[in-house]
Amino acid sequence: MGPGDTNIDCSCCTGSKLRRYLRSKVPCISWMKSYNLKCLQGDFIAGLTVGMMVIPQGLAYAHLAELPPNYGLYASFVGILVYIFTGTSKDITIGPTAIMSQIVAEVAKGNTKLALTCSLFAGCFQVLMGLFFLGFVVWVISTPILCGFTTAAALTIGFGQLPKLLGIKGVRRQFWQSLYDTFAKIKSTRWPDAVLGLVCLILLFALRYLQKWTEKKRNSESFPKSGGKAFLWKSVWMTGISRNIIVVIIASAVGYATHTGTNCVLTKYDYSITNCVLSVT
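Residues numbered from 1 in each chain as written. Predicted model: local features only at pLDDT ≥ 70, side-chain atom pairs only at ≥ 80, totals over all residues. Heavy atoms only, no water.

(A) A look at the side chain of Arg243. Structurally, the position occupied by Arg243 is in helix α11 (residues 243-258). For the buried Arg243, which has no salt bridge, the nearest side chain bearing the opposite charge is Glu215, at an N-O separation of 7.5 Å. Discounting residues that sit within four places of it in the chain, Arg243 has contacts with Leu204, Leu207, Arg208 and Gln211. (Helix = DSSP H or I, 4+ residues; strand = E, 2+ residues; numbered from the N terminus. Buried < 20%, exposed > 50% of the residue type's maximum accessible area, 1.4 Å probe, protein only. Lys, Arg positive; Asp, Glu negative; His and termini not counted. Salt bridge = Lys/Arg side-chain N within 4 Å of Asp/Glu carboxyl O. Contact = heavy atoms within 4.5 Å.)

(B) Up close: helix α9 (residues 191-219). Here α9 contains 29 residues, and its C-alpha end-to-end distance of 42 Å stays within 8% of the 42 Å for a straight helix at 1.5 Å per residue. Those residues of α9 lying buried are Pro192, Asp193, Ala194, Gly197, Cys200, Leu207, Gln211 and Thr214. The secondary structure elements touched by the buried residues of α9 are α7 (143-166), α10 (228-241) and α11. (Expected span 1.5 Å × (residues − 1).)

(C) Here's a closer look at the nonpolar core. Ala65, Leu67, Val104, Ala108 and Ala115 form the largest nonpolar core, which has five residues in total. Aside from chain neighbours lying at most four places away, what touches Ala108 is Leu114 and Ala115. (Core = buried A, V, L, I, M, F, W, Y, C linked by side-chain atoms within 4.5 Å.)

(D) Inspection of a positive patch on the surface at higher detail. A cluster of basic residues, Lys17, Arg19, Arg20, Arg23 and Lys33, forms a positive patch on the protein surface. According to the relative accessible area criterion, Arg19 is partly exposed, its value standing at 46%. (Patch = residues over 30% accessible without salt bridge, like charges linked within 9 Å, V, L, I, M, F, W, Y side chains within 5 Å. Areas by Shrake-Rupley, 256 points an atom, 1.4 Å probe, with all protein chains shown as cover. Charge placed at Lys NZ, Arg CZ, Asp CG, Glu CD.)

(E) How the structure looks around the packing of helix α5 (residues 98-108) against helix α6 (residues 112-131). Remark: α5 packs on α6, axes separated minimally by 9 Å, with the N-to-C direction vectors making an angle of 125 degrees. In terms of orientation, α5 and α6 fall into the oblique class. Classified by chirality, the crossing of α6 by α5 is right-handed. Here α5 contributes Val104, Val107 and Ala108 to the contact with α6, which in turn contributes Leu114, Ala115 and Cys118. Looking at side-chain class alone, the contact of α5 with α6 contains six nonpolar, no polar and no charged residues. (Axes fitted to C-alpha atoms, helices over the stretch in contact; angles between N-to-C directions. Parallel < 35°, antiparallel > 145°, perpendicular 65-115°, else oblique. Left-handed = near helix turned anticlockwise from the far one by under 90°. Nonpolar A, V, L, I, M, F, W, Y, C, P; charged D, E, K, R; others polar.)

(F) A look at the packing of aromatic side chains. Tallying each qualifying case throughout the model produces two aromatic pairs. On the basis of an interplanar angle of 70 degrees and a centroid distance of 6.0 Å, the ring pair of Tyr71 and Tyr74 is categorised as edge-to-face. Of this pair, Tyr71 and Tyr74 are both found in helix α4 (residues 69-86), three residues apart, which corresponds to roughly one turn of the helix. Note on Tyr71: relative accessible area 25%, which makes it partly exposed. The partly exposed category is assigned to Tyr74, whose relative accessible area is 30%. Ring geometry for Trp213 against Trp233: centres 5.4 Å apart, planes inclined by 45 degrees, an arrangement best described as tilted. On the criterion of sequence distance, the pair formed by Trp213 in helix α9 and Trp233 in helix α10 is long-range, its members being 20 residues apart. (Phe/Tyr/Trp six-rings, centres within 6.5 Å; stacked < 30°, edge-to-face > 60°.)

(G) Geometry of α11. In this model, α11 (16 residues) spans 22 Å end to end at C-alpha, consistent with the 22 Å of a helix rising 1.5 Å per residue. All buried positions along α11 are accounted for by Arg243, Ile245, Val247, Ala251 and Gly255. Here the buried face of α11 lies against α3 (37-64), α9 and α10.

(H) Representation of the pattern of salt bridges within the structure. Using the criterion set out here, one finds two salt bridges in the structure. When the shortest N-O distance is used, the salt bridge between Asp193 and Arg190 registers 3.2 Å. When sorted by exposure, Asp193 lands in the same class as Arg190, which is buried.

(I) Geometry of the packing of α9 against α11. Between α9 and α11, the shortest axis-to-axis distance is 9 Å and the interhelical angle comes to 155 degrees. In terms of orientation, α9 and α11 fall into the roughly antiparallel class. Of the two possible hands of crossing, α9 and α11 adopt the one that is right-handed. Between α9, through Leu196, Cys200, Leu203, Leu204, Leu207, Arg208 and Gln211, and α11, the contact on the second element is made entirely by Arg243, Asn244, Ile246, Val247, Ile250, Ala251 and Val254.

(J) Unusual backbone geometry, seen in detail. With phi around 60 degrees, Glu66 is a residue other than glycine that occupies positive phi space. Positionally, Glu66 belongs in the loop between α3 and α4. Here the phi dihedral of Lys109 falls at roughly 55 degrees; this positive angle occurs in a residue that is not glycine. Mapped onto the elements, Lys109 comes out in the loop between α5 and α6.

See the structure below:
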């Protein structure tokens, strides 16, 4: 084997490694070749379903992070657009989360510039960890630490949303202070907010039970496999799994239909709204 052959082999080896590296970082190179209309149909339905939920969810996370609502909308779709090309999992959640919003609120304290700076550095660190295959770092974090952190965050966020559910204003952020202020100001509960919130919670739990009950029926041998009854059962099941969207649409429609305030100013009998969403001009 001559020197020229050795160079060719090295070149082929380098090119092969480069292609594997690109496929690992940009997986769409591999699956785009087999993409068809059936995949497009499923993606369209999934995208429409998730998109309808991402909008109110982004607004809620922005409120939790003490940022203007339009920042929640920006954060909700930018990550998804990038993940189309770089994503390796179809089940992972991309975008802001409740815990992330809580951390941003503690650090930025309503300062949008500081929140954007934190997001920039967090994104840079994640990109570097991905490029250098540093995912193994999370293995050194023990399960009790993760469980303790997520449980504490869930309690903090849950009790922090209680005054918003009841429409109580002027509640401090710290956990014990928030709990104390909520019960101290319980008489100032806005009944339109409380009624709407409780009805939405009951509807969510009812539709969740409907989904599980339908799934048990579908697994039984007597369940119809085709025909009108099968279509009816599938419609009921779809209603159950679409509970979040259904509740958001109903609550938004009720709030819009009954809102009598102007310029985001509430009257006594209005439901509390997120805020005016500013558009980029």
